[in-house]
Amino acid sequence: MCQTLKSLNRVLLVFSLMAISVVSACRTGGGSASAKMLASLLDTADVTLIRQVPLEFGTHHVQGLDVTERFYFVTSVDRKQKRAWLFKMNRQDGRLNLKKNLTEGLLIHPGGMQYDGRYVWVPNAEYRRESRTMIHGIDPNSLEIRRSFEVNDHIGAVASDGKGFLYGVNWDAKHFYAWDFDGVQLEKIASPTSAAYQDIKFCAGKLLCSGLKDGQSAIDIIDPDTWSLIKRIDLPPDRWKTSLSREGMAFDGNLYFLPDDGPDSRILIFALR
């Protein structure tokens, strides 16, 4: 799609969806709070571990992570039972609050996700590349599915701007996608970085993309208007069982990672320096 038509579609959708209630942090498309958070990430030179939150239940093979003021949301695939799960946990103690079985036939692989103030947007794909995905907008309270559309590819992570647009990456992040909330594809473009992203978040007009580049854990900040890399943040050398950015990532001024599978999953929280 040409840039002019893409921009026009964005303007029309933003006006039609202005009634959507969106909360703070990176779950808004702009605003001073999210702009300050993004600026702090752009300025950071390092991160330091400040807390660990053990998840004391069977998290299986974890995939995605997001955080709100009260809750953690985690996606996971039970490879043995071939089940897709969305978990909702209390932020205070990491205890399980609610869970949702997202399994639908061969769709057993939920991925990286984002809560945008109204929905938790979760992709659930077949467990193979170049396959099929249902992208769901899920009520954060009940975990009931409120919106859905299908994509003919394996989408490994999605992010929402909270105003009517979604972004996604496929298996190993070979391509980025953009859709509206009804599933109309606006763009598909080759990745500008060749990094393998596992989780992505929209923040103040930019995409925060967490994954591996040449075996190194990193977060890339990408401008979705130009699809250019703005900054790469190399994460600390791995001192954990697996690479820090192997799976789930979230950001609310601090960085959150969930690299390990159950039964010993831990959310690792880092402050910016």
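Up top is the structure.
Residues numbered from 1 in each chain as written. Predicted model: local features only at pLDDT ≥ 70, side-chain atom pairs only at ≥ 80, totals over all residues. Heavy atoms only, no water.

## Digging into the side chain of Lys 100
Stage number 1. Here Lys 100 shows up in strand β5 (residues 96-101).
Stage number 2. Relative accessible area serves as the criterion here: at 18%, Lys 100 is assigned to the buried category.
Stage number 3. Discounting chain neighbours no more than four positions away, the residues touching Lys 100 are Ala 84, Trp 85, Leu 86, Leu 143 and Glu 144. (Helix = DSSP H or I, 4+ residues; strand = E, 2+ residues; numbered from the N terminus. Buried < 20%, exposed > 50% of the residue type's maximum accessible area, 1.4 Å probe, protein only. Contact = heavy atoms within 4.5 Å.)

## Side note on the pairing of strand β9 (residues 133-138)
Stage number 1. In terms of burial, β9 is largely enclosed, as 6 of its 6 residues are buried.
Stage number 2. Side chains Thr 133, Ile 135 and Gly 137 project from β9 onto one buried face, and the interleaved Met 134, His 136 and Ile 138 project onto a second face that is buried too.
Stage number 3. Note that strand β8 (residues 120-126) and β9 share 6 bridges and pair antiparallel. Along β9, the bridge assignment pairs Val 120 with Ile 138.
Stage number 4. Taken together, β8 and the strand that follows it, β9, pair antiparallel across an intervening segment of 6 residues, in which Glu 130 is found at a positive phi of about 50°. (Pairing = 2+ DSSP bridges.)

## Regarding the sheet that holds strand β12 (residues 165-170)
Stage number 1. One open sheet holds the 4 strands; their spatial order is β11-β12-β13-β14, and the pairing between them is antiparallel. Across the chains shown, the open sheet's two edge strands, defined by having one partner strand only, are β11 (155-160) and β14 (185-190). Put simply, the sheet's adjacent strands are angled 20° from each other on average, direction ignored.
Stage number 2. Sheet analysis places β11 next to β12, joined by 5 bridges and oriented antiparallel. Across the sheet, the residue bridging to Ser 160 is Leu 166, located in β12. (Axes fitted to C-alpha atoms, helices over the stretch in contact; angles between N-to-C directions.)

## Brief notes about unusual backbone geometry
Stage number 1. With an omega dihedral of 15°, the bond running from Gly 262 to Pro 263 counts as a cis peptide bond.
Stage number 2. The topology assignment puts Pro 263 in the loop between β20 (255-258) and β21 (266-272).
Stage number 3. Residues other than glycine seldom take positive phi values, yet Leu 143 does so here, at roughly 65°.
Stage number 4. Residue placement: Leu 143 occurs in the loop between β9 and β10 (145-151).
Stage number 5. By relative accessible area, which is 0% here, Leu 143 ends up buried.

## So, the sheet that holds β5
Stage number 1. Across the sheet, which stays open at both edges, the 4 strands sit in the order β2-β3-β4-β5 with antiparallel pairing between neighbours. In this open sheet, the two edge strands, each paired with only one partner strand, are β2 (61-67) and β5. Each neighbouring strand pair of the sheet contributes to a mean axis angle of 20°, computed without reference to strand direction.
Stage number 2. Where β2 and strand β3 (residues 71-78) come together, 6 bridges link them in antiparallel fashion. Following the sheet pairing, Gly 64 is matched in β3 by Thr 75.

## What to know about the environment of Asp 172
Stage number 1. Tracing the backbone through its elements, the reader meets Asp 172 in the loop between β12 and β13 (175-180).
Stage number 2. Along the primary structure Asp 172 and Gly 211 are separated by 39 residues, whereas in three dimensions their C-alpha atoms are 9.2 Å apart.
Stage number 3. Setting aside residues no more than four positions away along its own chain, Asp 172 makes contact with Arg 129, Ala 195 and Ala 196.
Stage number 4. Of the polar contacts made by the side chain of Asp 172, one reaches the side chain of Arg 129; its length is 3.1 Å. (Polar contact = N/O pair within 3.5 Å; in protein donor to acceptor, adjacent residues only side chain to side chain.)

## Some thoughts on the nonpolar core
Stage number 1. Leu 208, Ile 219, Phe 251, Leu 255 and Phe 257 are the most contacted members of the largest nonpolar core, which totals 19 residues.
Stage number 2. Those elements that place two or more of their residues in this core are α2 (32-43), β17 (216-223), β19 (248-251), β20 and β21.
Stage number 3. With sequence-adjacent residues up to four places away left out, Leu 208 is seen in contact with Leu 38, Leu 41, Asp 199, Ile 200, Lys 201, Cys 203, Ile 219, Asp 220, Ile 221, Met 249 and Phe 251. (Core = buried A, V, L, I, M, F, W, Y, C linked by side-chain atoms within 4.5 Å.)

Just geometry here; none of it tells us what the structure is for.
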